Amino acid sequence: KAPVGQVEEPERDPLPGMPCCPITGEPMLDPVVAADGHTYERSAIARWLQTSDKSPMTGSLLPHKELVANYVLLSSLAEATVAKSGMAL
């Protein structure tokens, strides 16, 4: 059960071919790009940024803590999955 104040998300599987998060080592479900230009699992980098102003990949100070969904990665993997299954978009 989710902690108070958090919404419990249904279990879902990563898209086939999804790269692993450099923090968790697990395939990403919600990939986001941080200010260092690297892609991370949203929940993992959000936890990291609660206690650090530095990139987990480079150790450099981040200019901001905004996270942007990596739509390019998501859409390219979704398209590849659909193409592999022979389904039309």
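Above this text is the structure in question.
Within any chain, residue numbers begin from 1 and follow the written order of that chain's sequence. Residues qualify for local features only when their pLDDT is at least 70, as the model is predicted, and side-chain atom pairs are given and counted only at 80 or more; totals for whole chains, interfaces and linings, by contrast, use all residues. To get the side-chain values, take all heavy atoms of the structure and skip hydrogens and water.

K.L.:
Now, about the overall build of the chain: what can you tell me, with residues and values included?
P.N.:
Every helix listed is a DSSP run of H or I at least four residues long, and every strand listed is a run of E at least two residues long, numbered separately from the N terminus. A count of helices and strands for the chain gives 2 helices and 3 strands. Reading the chain from its N terminus to its C terminus gives the helix and strand order β-β-α-β-α. We call a residue buried when its accessible area falls under 20% of the maximum for its residue type, exposed when it is over 50%, and partly exposed in between, using a 1.4 Å probe and counting protein chains only. When each of the 89 residues of the chain is scored for burial, the buried share is 22%. Here a residue-residue contact requires only that any non-hydrogen atoms of the pair lie within 4.5 Å. The long-range share in the chain, meaning contacts at least 24 apart out of those at least 6 apart in sequence, stands at 35%. Note on areas: these come from Shrake-Rupley sampling with a 1.4 Å probe, and a residue is covered only by the protein chains present in the view. Put simply, the chain shows about 6,400 Å² of open surface, and 57% of that area lies on carbon and sulfur atoms.

K.L.:
Before we move on, can you summarise helix H2 (residues 71–85) with the specific residues and values?
P.N.:
To estimate the expected span of a helix, count its residues, drop one, and scale the result by 1.5 Å. Across its 15 residues, H2 extends 21 Å between first and last C-alpha, which sits within 8% of the 21 Å expected from 1.5 Å per residue. The set of residues buried in H2 consists of Leu73, Leu77 and Val82. For H2, the angular spread of the buried residues around the axis is 155°, confining them to a single face. Exposed residues lying more than 90 degrees from the buried face of H2 are Tyr71, Val72 and Ala83. Of all possible arcs, the one meant is that of the directions from the helix axis to the C-beta atoms.

K.L.:
For the sheet that holds strand E3 (residues 68–69), give the residues involved together with the corresponding values.
P.N.:
Strand pairing is defined by DSSP finding a minimum of two bridges between the two strands. With antiparallel pairing, 3 strands are arranged side by side in an open sheet as E2-E1-E3. Looking at the sheet topology across the chains shown, the edges are occupied by strand E2 (39–41) and E3. Pairing of strand E1 (residues 31–33) with E2, which is carried by 3 bridges, proceeds in the antiparallel orientation. What sits directly across from Pro31, in E2, is Glu41.

K.L.:
Mind laying out the environment of Pro19, listing which residues take part and the relevant values?
P.N.:
Considering the arrangement of structural elements, one finds Pro19 in the segment before E1. When the C-alpha atoms of Pro19 and Glu41 are compared, they prove to be 9.9 Å apart, with 22 residues separating the residues in sequence. Among residues more than four places away in sequence, those in contact with Pro19 are Glu26, Pro27, Met28, Leu73 and Leu77.

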